[in-house]
Amino acid sequence: MQLNKNIQARFNPVIDHVKNTYNSVYATGAAVIVIHKDEIVAERYWGTQSSRPEAREVQEDTQFHVASVRKSYIGFAVAYAVHHGYIDSIDDEVTKYIADLEEEVFRGTTIRHLLTHTHGLTELEGKVIREFLPGESWAYRQVNINLLTQIVKVTTGQTVADLLKEKVFLPLGLKESNWYTEIHPNLADVIDPSGQPKEIPTSSAEGDQTNMFTSTRDLAYWGYLHLKQGYIDNEQIIPQEIIQLSTSLISPNTIDKDLPQHGFLWFVKDLPASKTELGELVPRGSYQILGFTGVAVLVVPEHEIVAVRMVNSYGSPENHDFLADIRTFGDSVMKSLQEG
């Protein structure tokens, strides 16, 4: 998959926004790509892949650590399993698919709860405990992601990583997206507040750890695949129903309306929600996912646009409002469209 470039000055506010974020956090490099109506209309790279001496410059094939953006790939794998009948329903309880879970803790917890961060589970000293009742509230934890990757493997017989490689990466020619167990020259370091590289877990290549790296263009094409509902180069590469399932609102109606709203781990824009990560100007029906490293991909179907930003930071300085920053990223995209 390859799109033509038609760089347009009206998208400079998006470039400026990403550059400002890059200059405001602990990072050595950043990048941005915007796709609008089947063309790359903005693309820019800054800095180096590391703070090490003679570090490689950030460029088209630089692969950034995507942190929680990987969850959109896990969500896809779950949607694939649902579409093909490996999972009967997202309202099935988790214990239906993973037999050795403690019944008292997991009772009432469904796959829907895992996908929307409304499961109410957390870990304490290596043990899963209940934080709140399923569907009662929202909390961003890791335990649901571990369970979802297990469910994909148990039901489909494939790991998340293998499923994505076979069904998405190979058919689309995405050669710069993977879960890595070894460091190679194209991978950008994650920079911690001390300015030093942060160690990333690399003991598993199954898609169950946070060791996913992708290039800016591959992540943009991942968003574009969703924008086009799986139809790429005059071929339905992915069944449309899988994409629709992944990006449609499935959050339980029992949670407070100001809490974040989700599809299959994507943040989706539906009703106004004060705790959403999507900008005020971003229209309903849009969806986005953000990682702790500052990486984000936003899809706005109403305007046929995908915007990706890459930053190799780990968290933010105390005076940097992480949530406000990602909201204004989406708003800068919308302002560029309005000005055009």
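Heads up: the structure comes first, above all this text.
Not measured: the values here are computed from a predicted model.

J.: Describe the sheet that holds strand β7 (residues 177-179), listing the residues and the values that go with them.
T.: Spatially, the three strands line up as an open sheet ordered β4-β8-β7, and their pairing is antiparallel. Taken across any chain shown, the strands that pair with only one partner, and hence form the sheet edges, are β4 (63-65) and β7. Looking at each pair of strands side by side, their axes are set apart by 25° on average, direction ignored. Both β7 and strand β8 (residues 212-215) contribute to a ladder of three bridges, which runs antiparallel. Each bridged residue has a counterpart across the sheet, and for S177 the counterpart in β8 is T214.

J.: Requested: an account of the packing of aromatic side chains, with residues and values cited.
T.: Scanning all chains against the criterion turns up 13 aromatic pairs. Ring geometry for Y73 versus F169: centroids 6.1 Å apart, planes at 65°, classification edge-to-face. Linking Y73 in helix α2 (residues 71-83) with F169 in helix α6 (residues 160-172), this pair joins segments that are 96 residues apart in sequence. Side by side, Y73 and F169 carry an identical accessibility label, which is buried. Measuring from ring centre to ring centre gives 6.2 Å for F292 and F322, while their planes differ by 55°; the resulting arrangement is tilted. On the criterion of sequence distance, the pair formed by F292 in the loop between β12 (287-290) and β13 (296-300) and F322 in helix α9 (residues 322-339) is long-range, its members being 30 residues apart. You can call F292 partly exposed: its relative accessible area is 42%. Lying over the aromatic face of F329, R309 brings its terminal NZ or CZ to 5.6 Å of the ring centre.

J.: Can you tell me about helix α5 (residues 143-156), naming the residues and giving the values?
T.: Here α5 is 14 residues long and its end C-alpha atoms lie 20 Å apart, about the 20 Å a rise of 1.5 Å per residue gives. Across the 14 residues of α5, 10 count as buried, placing the element largely inside the fold. Of the positions making up α5, those classed as buried are V143, N144, I145, L147, L148, T149, I151, V152, T155 and T156. In the core, the buried residues of α5 are packed alongside α2, α3 (103-106), α4 (111-115), β5 (121-124), β6 (127-130) and α6. Positive phi shows up at G157, right after α5, with a value of about 80°.

J.: Account for the side chain of H262, with residues named and values stated.
T.: With respect to the element layout, H262 can be found in the loop between α8 (240-247) and β11 (267-268). Within the local environment of H262, its side chain forms a polar contact with the side chain of W138, the two groups lying 3.0 Å apart. Sequence-distant contacts of H262, that is, excluding residues within four places in its chain, are made with L115, T116, H117, W138, S248, L249, I250, S251, F267 and V268.

J.: Hey, could you go over helix α1 (residues 12-24) for me, with residue numbers and the actual values?
T.: Here α1 contains 13 residues, and its C-alpha end-to-end distance of 18 Å stays within 8% of the 18 Å for a straight helix at 1.5 Å per residue. Among all positions in α1, only V14, I15, H17, V18, T21 and Y22 are buried. Looking down the long axis of α1, one finds its buried residues gathered within 160° of arc, a one-sided arrangement. Contacts from the buried residues of α1 go to β2 (29-36), β3 (39-47), β14 (305-311) and α9.

J.: Tell me what's going on with the pairing of β12, and back it up with residues and numbers.
T.: Consecutive residues of a regular strand have side chains that alternate between opposite faces of the sheet. In β12, alternate side chains face the same way, and those of Y287 and I289 on one face and Q288 and L290 on the other are all buried. Sheet topology places β11 next to β12; two bridges connect them, and they run antiparallel. Among the inter-strand pairings, F267 is bridged to a residue of β12, identified as Q288. The pairing of β12 with β13 spans four bridges and is classified as antiparallel. Its bridge partner lying in β13, L290 is registered against A296. The hairpin turn running from β12 into β13, its antiparallel successor, is five residues long, and G294 in that turn takes a positive phi close to 95°.

J.: Requested: an account of unusual backbone geometry, with residues and values cited.
T.: Within the chain, A67 stands out as a residue other than glycine whose phi angle is a positive 50°. With respect to the helices and strands, the residue A67 is situated in the loop between β4 and α2. Residue class for A67 comes out buried when judged on its relative accessible area of 10%.

J.: Account for the sheet that holds β14, naming residues and giving values.
T.: In spatial order, the strands read β1-β3-β2-β14-β13-β12-β11; together these seven strands make up an open sheet with mixed pairing. Lying at the two open borders of the sheet, with one neighbouring strand each, are β1 (4-5) and β11. Bridge count for β2 against β3 is eight bridges, and the pairing is antiparallel. Paired with I33 across the two strands is E43, which belongs to β3. This element, helix α7 (residues 216-227), spans β2, β3, β12, β13 and β14 of the sheet and lies at about 150° to β14. Contacts from α9 reach β2, β12, β13 and β14, with the element oriented near 140° to β14.

J.: Account for the packing of α1 against α9, with residues named and values stated.
T.: Between α1 and α9, whose axes approach to 8 Å, the crossing angle comes to 160°. Considering the angle they form, α1 stands roughly antiparallel to α9. Judged by the twist between their axes, the crossing of α1 over α9 is right-handed. The segment α1 lies against α9, with P13, V14, H17, V18 and T21 engaging D325, T328, F329, S332, V333, S336 and E339.

Calculation notes
Throughout this document, residue positions are counted from 1 along each chain, in the order its sequence is written. The predicted nature of this model means local features are confined to residues of pLDDT at least 70 and side-chain atom pairs, given and counted, to a pLDDT of 80 or more, with totals for whole chains, interfaces and linings taken over all residues. Side-chain measures were taken over the full set of non-hydrogen atoms in the model, leaving aside hydrogen atoms and water. DSSP-based pairing: two strands are paired if at least 2 bridges between them are found. Secondary structure is summarised from DSSP: a helix means a run of H or I of at least four residues, a strand means a run of E of at least two, and numbering begins at the N terminus for each. Only the stretch in contact is used when a helix axis is fitted, and all axes are lines through C-alpha atoms; the angle between N-to-C directions ranges over 0 to 180 degrees. In this analysis, rings of Phe, Tyr and Trp, with Trp reduced to its six-membered ring, are considered paired at centre separations within 6.5 Å, and the interplanar angle assigns stacked below 30 degrees, edge-to-face beyond 60, and tilted for intermediate values. Burial status follows relative accessibility: with a 1.4 Å probe on protein chains alone, a residue under 20% of its type maximum counts as buried, one over 50% as exposed, and anything between as partly exposed. The criterion for a charge sitting over a ring is simple: Lys NZ or Arg CZ within 6 Å of the ring centre, and within 35 degrees of the ring normal. In this scheme, a helix's expected span is set at 1.5 Å multiplied by one less than its residue total. Contacts: residue pairs with any heavy atoms within 4.5 Å of one another. As used in this structure description, the phrase polar contact means that two N or O atoms lie within 3.5 Å; if the pair is within protein, one of them must be able to donate a hydrogen and the other to accept it, and residues adjacent in sequence are counted only when both atoms belong to side chains. The directions considered for the arc are those from the helix axis to the C-beta atoms. Angle categories: roughly parallel below 35 degrees, roughly antiparallel above 145, roughly perpendicular from 65 to 115, and oblique for all the rest. What makes a crossing left-handed is the near helix being turned counterclockwise from the far one by less than a right angle; a clockwise turn instead makes it right-handed.

Just geometry here; none of it tells us what the structure is for.
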